[in-house]
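Summary of the model geometry
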Amino acid sequence: MKIVKIMFVCAIMFFGSVGLVGCGAQSDNVQVSGAQGESNKIYRWKLITTWPKNLPGLGTAPEKLARKLRIMSKGRLDIKVYGAGELVGAFEVFDAVSQGTAEMGHGAAYYWRGKIPIAAMFATVPFGMNAQEMNGWLHYGGGLELWRELYEPFNLVPFAAGNSGVQMAGWFNQEINSVEDLRGLKMRIPGLGGEVLKRAGGVPVALPGGEVFTALQTGVIDATEWVGPYNDLSLSLHSVAKYYYYPGWHEPGPTLEAIVNKEAWNSLPEDLQVMIEMSVRAINDDMLSEFTARNNAALRVLIDEHGVELRALPDDVIAVLRDAASDVVAEAAQDNELSQRIYDSYMGFFSEVRAYHAISEQAYLNAR
Ligand code: CA
């Protein structure tokens, strides 16, 4: 009882900004670096994103991040968010943050696959781990440490900062009844999933979200994936494609990333660094909650109000894609020694977590 009382008093002191001093043994040694000299310094940062400005879910997450950090830091961390194309193009975010043009970025690691093939594993792996499993690997399975090691030569500190959950397979103007229907199909699909589509006869196209609608409307592409009902409705993809396919075999729970320029990160006092660490964890969780809450209602709107036809990919098409995926992912590991360690870590964790999830999450989903 006494311990509870002390903790309660300490909580009041902490949230009342009185400080931690005197709050018991665990807190006695807390020293916040820079508390004297840097407590009033204002850090004005630019946060550039790969998303259209304020796109629901993906684009609003960095806005929420900046707003909460501004409040928590009492204005010391003042971050301005830019949508894709406002400061740099969507696919220039990695280089721009690496070079210090902006201090922070928000996007997805598979967009940098042309530069670092294995980076895609930190976003998503076709037929790989879902959101819950990715978060387990990144935060308690050694994944985040490997991600930091991978981005270190690029002067970047990465964080997991959002997850959409299992995506949809995408939007098509023709039915997919066999693998033959994928042959020659020009489809916007990023990451390792794009390479898998290529092996199955398709033609993957890399496009940022802001260009997907026009590309499909004008016939530059025949099909596209984007995210899921909540996001796809906001891009009006239903008005340029008829069939909406599931499941999102190519993105079973993609992690979005926040990247911070290393010098900018090192320039921050410890308390602001901790605020960023905690805020990106919150955003990482918040986005999944938002998609979970809103996808089904958006799907009803797509079907009931816009006449979208929902379709499942045939089992034999899924089987061909699954076979191609294991080759594509294993090949990405052959780039260098670090790529192989990342692959081994991911696959080792995946193997163990899927064994347990077979008798927990999956068994429950089958049973309910
Ligand atoms: Ca996607």
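The structure presented is a predicted model; accordingly, all values stated were derived computationally and were not measured. (Residues numbered from 1 in each chain as written. Predicted model: local features only at pLDDT ≥ 70, side-chain atom pairs only at ≥ 80, totals over all residues. Heavy atoms only, no water.)

Concerning the overall build of the protein chain
Selection rule: Numbered from the N terminus, helices here are DSSP runs of H or I no shorter than four residues, and strands are runs of E no shorter than two. The buried label applies to any residue whose accessible area, calculated with a 1.4 Å probe on protein chains only, is under 20% of its type's maximum; exposed applies above 50%, and partly exposed to all values in between. In what follows, a contact means two residues having at least one pair of non-hydrogen atoms within 4.5 Å. All accessible-area figures derive from a Shrake-Rupley calculation using a 1.4 Å probe, and residue coverage is judged against the displayed protein chains alone.
Summing up its helical and strand segments, the protein chain has 13 helices and eleven strands in all. A burial count over the protein chain gives 51% of its 368 residues as buried. Summarising the internal contacts of the protein chain: among those between residues at least 6 apart in sequence, 78% fall at separations of at least 24. When the accessible surface of the protein chain is totalled, it reaches about 17,100 Å², and 53% of it is carbon and sulfur.

Considering the environment of Arg188
Under the convention used in this document: Pairing of N or O atoms within 3.5 Å defines a polar contact, subject to two protein rules: one partner must be a possible hydrogen donor and the other a possible acceptor, and residues neighboring in sequence count only if both atoms are side-chain atoms.
Its location among the elements puts Arg188 in strand 6 (residues 186-188). Between the C-alpha atoms of Arg188 and Leu207, which are 19 residues apart in sequence, the distance is 6.3 Å. In this structure Arg188 touches Tyr111, Val205, Leu207, Pro208, Gly209, Val212, Ile221, Ala223, Thr224, Glu225 and Trp226, once residues within four positions along its chain are discounted. A polar contact of 3.4 Å, which involves the side chain of Arg188, links it to the side chain of Tyr111.

Observations regarding the sheet that holds strand 5 (residues 170-172)
To be explicit about the condition: Note on pairing: two strands pair once DSSP finds at least 2 bridges between them.
Spatial strand order, 7-6-8-5-9-11: six strands in an open sheet with mixed pairing. In this open sheet, the two strands that pair with only one neighbour each are strand 7 (203-205) and strand 11 (309-312). Strand direction decides the pairing type here: strand 5 and strand 9 (residues 243-246), joined by three bridges, are antiparallel. Its bridge partner being in strand 9, Phe172 is matched across the sheet by Tyr243.

Thoughts on the sheet that holds strand 2 (residues 77-82)
The condition that has to hold: Here an axis means a line fitted to C-alpha atoms, over the contact stretch when the element is a helix, while the angle between two N-to-C directions is reported on a 0 to 180 degree scale.
Strand order in this open sheet of five strands is 2-1-3-10-4, and the pairing throughout is mixed. Each edge of the open sheet carries a strand with a single partner, namely strand 2 and strand 4 (156-163). With direction set aside, neighbouring strand axes in the sheet form an average angle of 25°. In terms of strand pairing, strand 4 meets strand 10 (residues 255-261) through six bridges, oriented antiparallel. Its bridge partner being in strand 10, Asn163 is matched across the sheet by Thr255. Sitting on the sheet, helix 2 (residues 60-72) is in contact with strand 1 (43-49), strand 2 and strand 3 (104-107), with an inclination near 165° to strand 2. Packed onto the sheet, helix 5 (residues 143-151) meets strand 4 and strand 10 and runs at close to 135° relative to strand 4.

A look at helix 12 (residues 337-358)
Within an α-helix, residues lying three or four positions from one another point in the same direction, as the helix has 3.6 residues per turn. Which entries qualify depends on this criterion: Given the number of residues in a helix, its expected span is that number minus one, multiplied by 1.5 Å. In this context, the arc is that of the directions from the helix axis out to the C-beta atoms.
Here helix 12 is 22 residues long and its end C-alpha atoms lie 31 Å apart, about the 32 Å a rise of 1.5 Å per residue gives. For helix 12, the full list of buried residues reads Leu338, Ser339, Ile342, Tyr343, Ser345, Tyr346, Phe350, Val353 and His357. End-on view of helix 12: buried residues confined to an arc of 165°, all on one side of the axis. Opposite the packed face of helix 12, turned more than 90 degrees from it, sit the exposed residues Glu337, Glu352 and Tyr356. Looking at the buried residues of helix 12, the elements they touch are helix 4 (131-140), helix 5, helix 11 (315-332) and helix 13 (361-367). Two or three places before Leu338, at the opening of helix 12, Asn336 has a side-chain oxygen 3.2 Å from that residue's backbone nitrogen.

A short note on the side chain of Asn155
In this structure, Asn155 sits in the loop between helix 5 and strand 4. Side-chain polar atoms of Asn155 contact the side chain of Glu263, separated by 2.8 Å. Aside from chain neighbours lying at most four places away, what touches Asn155 is Ser98, Val260, Asn261, Lys262 and Glu263.

Quick notes on the packing of aromatic side chains
Geometry of an aromatic ring pair is reported as the spacing of the ring centres plus the angle between the planes. Going by this rule: What counts as a ring pair is set by centres within 6.5 Å for rings of Phe, Tyr and Trp (its six-membered ring), and what kind of pair is set by the plane angle: stacked under 30 degrees, edge-to-face over 60, tilted for all other angles. In this scheme, Lys NZ or Arg CZ marks a charge over a ring once it lies within 6 Å of the ring centre and within 35 degrees of the ring normal.
All chains considered together, the criterion is met by 18 aromatic pairs. With 5.0 Å between their ring centres and 45° between their planes, Phe91 and Tyr111 make a pair best called tilted. With Phe91 in the loop between strand 2 and helix 3 (93-99) and Tyr111 in the loop between strand 3 and helix 4, this pair connects stretches of sequence that are 20 residues apart. Residue classification places Phe91 among the partly exposed residues on the basis of a relative accessible area of 32%. Owing to a relative accessible area of 12%, Tyr111 belongs among the buried residues under this scheme. Taking the centre distance of 5.5 Å and the plane angle of 45° together, the rings of Phe94 and Trp112 count as tilted. Of the two residues, Phe94 is situated in helix 3 and Trp112 in the loop between strand 3 and helix 4; the sequence distance between them amounts to 18 residues. Each member of the pair, Phe94 as well as Trp112, is classed as buried. The residue whose ring lies beneath Arg148 is Phe159, and the NZ or CZ to ring-centre distance is 4.8 Å.

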